[in-house]
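Next come the chains, spelled out residue by residue.
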Amino acid sequence: MRRTRSFIFAAIVAVALGMSASSCGIYSFSGTSIQPDVKTITIEFCEYKALKVNPMLSTNFTEALREKFRRLTKLEEVELDGDLQLHTEIIGYEVSATAITAEETAARNRLTVNVKATFTNVKYPEDNFDKNFSAYADFDATQLLDAVQDALCVEIIDKLVEDIFNASVAQW
């Protein structure tokens, strides 16, 4: 009986704490910490400035970033002058060898994408940042990049979007 009361008390406290944390408007269960008076976001199309060209990377990256914010926040996306503004540039798209065989040839290659992100919070400028983010995926050197780059880019985009999302509205 005493154990049941302790359990019920603990459950009530957990629910009360959860409700109080979400009712203040700053924290949510999606991990974001957006002030309640921040209502809109502008996510600009990602500029492509890397030397090696991947024609769909900017489009796919921009759409993945927009989708993440649509799915995990209540922010309204606007074309100009959002309370939050996110400008991104792909500044690096490179393949390098990561594992060398005894014959001094590559056994594994790594595709790395570097993105520069500028985040502006119009209402809370202390949250602003200008940072570089990097993500990579490895592939077997016997495969041609053209054959695997679409799948690798999906993986890399997911990592980059998560990192940029966390840095901007989750502030991790």
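Residues numbered from 1 in each chain as written. Predicted model: local features only at pLDDT ≥ 70, side-chain atom pairs only at ≥ 80, totals over all residues. Heavy atoms only, no water.

Asker: Can you lay out the packing of aromatic side chains for me, pointing to particular residues and giving the numbers?
Answerer: All told, the structure shown has three aromatic pairs when counted by the stated rule. Taking the centre distance of 6.2 Å and the plane angle of 65° together, the rings of Phe-129 and Phe-133 count as edge-to-face. The exposure classification of Phe-129 matches that of Phe-133, with both residues buried. Ring pairs connect the aromatic residues Phe-119, Phe-129 and Phe-133, which therefore count as one cluster. Above the plane of the ring of Phe-165 lies Lys-68, whose end atom (NZ or CZ) is 5.4 Å from the centre. Here Lys-131 stacks its cationic end above the ring of Phe-129, 5.0 Å away from the centre of that ring. (Phe/Tyr/Trp six-rings, centres within 6.5 Å; stacked < 30°, edge-to-face > 60°. Buried < 20%, exposed > 50% of the residue type's maximum accessible area, 1.4 Å probe, protein only. Lys NZ or Arg CZ within 6 Å of the ring centre and 35° of its normal.)

Asker: I'd love a proper account of helix α2 (residues 57–72), names of residues and values included.
Answerer: Its 16 residues place the ends of α2 22 Å apart at the C-alpha level, agreeing with the 22 Å of an ideal helix rising 1.5 Å per residue. If you check which residues of α2 are buried, you get Leu-57, Ser-58, Phe-61, Thr-62, Leu-65, Lys-68 and Phe-69. Buried residues of α2, seen end-on, are gathered within an arc of 125° and therefore sit on one face of the element. (Helix = DSSP H or I, 4+ residues; strand = E, 2+ residues; numbered from the N terminus. Expected span 1.5 Å × (residues − 1). Arc of directions from axis to C-beta.)

Asker: Describe the packing of α2 against helix α3 (residues 145–170), and please don't skip the residues or the numbers.
Answerer: In the contact formed by α2 and α3, the axes pass within 10 Å of each other and the chain directions differ by 45°. In this view, α2 runs oblique relative to α3, as classed from their interaxial angle. By crossing handedness, the relation of α2 to α3 is classed as right-handed. Of the residues in α3, those in contact with Leu-57, Asn-60, Phe-61, Ala-64, Leu-65, Lys-68, Phe-69 and Leu-72 of α2 are Cys-153, Ile-157, Leu-160, Val-161, Glu-162, Ile-164, Phe-165, Ser-168 and Val-169. Residue composition of the contact of α2 with α3, grouped by class: 13 nonpolar, two polar and two charged. (Axes fitted to C-alpha atoms, helices over the stretch in contact; angles between N-to-C directions. Parallel < 35°, antiparallel > 145°, perpendicular 65-115°, else oblique. Left-handed = near helix turned anticlockwise from the far one by under 90°. Contact = heavy atoms within 4.5 Å. Nonpolar A, V, L, I, M, F, W, Y, C, P; charged D, E, K, R; others polar.)

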